[in-house]
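Analysis of the macromolecular model
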Amino acid sequence: MDGRTILITGATDGLGRHLAVRLGEAGWRVLVHGRDTDRAEQVRARIEAAGGPEPVVLLADLADLGDVARLAADVERHTDRLDVLVNNAGVGFGAPDATRETSADGIELRFAVNYLAGYRLTRLLLPLLTRSAPARIVNVASAGQEPLDCADLLTTRDYDGVRAYRRSKLAQIMSTFDLAEELAGTGITADALHPATFMDTTMVRQAGSPVSSTVTEGGDATLRLITGPAAASGTGRYFAGERETRALAQAYDPEARQRLRRATDELLAATTRS
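The structure displayed is predicted, hence computed values, not measured ones. (Residues numbered from 1 in each chain as written. Predicted model: local features only at pLDDT ≥ 70, side-chain atom pairs only at ≥ 80, totals over all residues. Heavy atoms only, no water.)

1. A word on the overall build of the chain
Per the secondary structure count, the chain includes nine helices and eight strands. A compact globule built from 274 residues should have a C-alpha radius of gyration of about 19 Å, and the chain, at 17 Å, falls within 12% of that. C-alpha atoms of the chain, sized along the principal axes, occupy 50 × 40 × 40 Å. The buried share among the 274 residues of the chain stands at 56%. Taking contacts inside the chain between residues at least 6 apart in sequence as the whole, the part at least 24 apart equals 72%. Surface exposure of the chain reaches about 11600 Å², of which carbon and sulfur atoms provide 47%. One finds the centroid of the 32 positive side-chain charges in the chain at a distance of 2 Å from the centroid of its 37 negative side-chain charges. (Helix = DSSP H or I, 4+ residues; strand = E, 2+ residues; numbered from the N terminus. Rg over C-alpha atoms; globule rule 2.2 N^0.38 Å. Buried < 20%, exposed > 50% of the residue type's maximum accessible area, 1.4 Å probe, protein only. Contact = heavy atoms within 4.5 Å. Areas by Shrake-Rupley, 256 points an atom, 1.4 Å probe, with all protein chains shown as cover. Lys, Arg positive; Asp, Glu negative; His and termini not counted. Charge placed at Lys NZ, Arg CZ, Asp CG, Glu CD.)

2. Focus: the environment of Thr-5
Mapped onto the fold, Thr-5 is located in strand β1 (residues 5–8). Between the C-alpha atom of Thr-5 and that of Leu-85, which follows or precedes it by 80 residues, the distance is 8.9 Å. Contact partners of Thr-5, with chain neighbours within four places excluded, come to Trp-28, Arg-29, Leu-31, Thr-79, Arg-81, Leu-82, Asp-83 and Val-84.

3. Digging into helix α4 (residues 109–132)
Relative to the 34 Å expected for 24 residues at 1.5 Å per residue, α4 spans 32 Å between its end C-alpha atoms, a close match to the ideal helical length. A bend of about 50° at Leu-126 is the largest found in α4, and the proline Pro-127 appears one to four places after it. Counting buried residues along α4, 19 of its 24 residues qualify, which places the element largely inside the surrounding structure. The backbone nitrogen of Arg-110 has a side-chain oxygen 3.2 Å away, supplied by the residue at the start of α4, namely Glu-108. (Expected span 1.5 Å × (residues − 1). Bend = angle between axes of the 7 residues up to and from the residue. Polar contact = N/O pair within 3.5 Å; in protein donor to acceptor, adjacent residues only side chain to side chain.)

4. Some thoughts on the sheet that holds strand β4 (residues 84–87)
Strand-to-strand pairing in sheets goes through backbone hydrogen bonds, with the strands running parallel or antiparallel. Read from one edge of the open sheet, eight strands run β3-β2-β1-β4-β5-β6-β7-β8, paired in mixed fashion. Only two strands of the sheet have a single partner each, and these edge strands are β3 (56–59) and β8 (243–245). Averaged over all pairs of adjacent strands, the angle between their axes in this sheet comes to 25°, without regard to strand direction. In this structure, strand β2 (residues 29–34) lies alongside β3, joined through four bridges in parallel fashion. Across the sheet, residue Gly-34 finds its bridge partner in β3, namely Leu-59. Sitting on the sheet, helix α1 (residues 14–25) touches β1, β2 and β5 (135–140), and the angle it makes with β1 is about 165°. On the sheet, helix α7 (residues 215–227) packs against β1, β4, β5, β6 (188–194) and β7 (238–240) and is oriented at approximately 155° with respect to β5. (Pairing = 2+ DSSP bridges. Axes fitted to C-alpha atoms, helices over the stretch in contact; angles between N-to-C directions.)

5. Considerations on unusual backbone geometry
Between Ala-133 and Pro-134 the backbone carries a cis peptide bond, its omega angle lying at 5°. When you line up the elements, Pro-134 lands in the loop between α4 and β5. Positive phi, close to 50°, is recorded for Thr-155, a residue that is not glycine. Locating Thr-155 in the fold gives a position in the loop between β5 and α5 (161–182). Positive phi is not limited to glycine here, since Asp-158 has a value of about 50°. Mapped onto the secondary structure, Asp-158 falls in the loop between β5 and α5. Accessibility expressed as a relative area gives 66% for Asp-158, which makes it exposed.

6. Observations regarding the pairing of β1
The alternating pattern of β1 places Thr-5 and Leu-7 on one face and Ile-6 and Ile-8 on the opposite face, and all of these are buried. Across four bridges, the pairing between β1 and β2 is parallel. Within β2, the residue paired with Ile-6 across the bridge is Val-30. Handedness of the crossover joining β1 and β2 through α1 is recorded here as right-handed. (Right-handed = clockwise from strand over helix to strand, strands pointing away.)

Take a look at the structure:
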């Protein structure tokens, strides 16, 4: 039995479900996050049927920052250590004719779920991760990236679901690089990856994109960062599959990252006060 504990957001479908089952079967204690009780219980049952440690089901809607805070509190109640946090939950392009959507807090939905929820969850869980070090943070990003416009961070002008998605994913990568620098020397690593291109997932099918990769391919790449030796995962890196590569140039601009961090903290402060 492995004995380590991992939280995977979006663990009831696609890549998240695949990771939860594989790691649970391998002896990890899996904290299964999802929004739907039945689907989360199916993941729990499958892990238990394979002889894995009893998983913990944690329900939360990451489009609601209040739920994000409650999720972090639930994690603290259910475990005294967290070896790995995988921020996997996300919202895709949406249907080709989809209009702009907002979260429960009035924030553009893709920015809210793909970036802001993981940012806040990670910050809230840092004390637990620090107590558990060595620990890892793995952010499931995308090769689809588009430069951020900090004057229109929530894509209120010329809205397009693909553009909003790509901006949210670049923000996620930029935040990963910032976090890695901040946590240097603490024993906590932070990396981001594009697991595979157009995996056979609900998100890809809803967008009408052609499937070109399997969930297993994406799972293999992600597991390398979760379970591989520390030298293989490193920190502050971006991977495409199992290959370390470069993200969009803006991700390496310290001033751009500082602007994003400042805007993010201001947005969170304004939202969580209301």
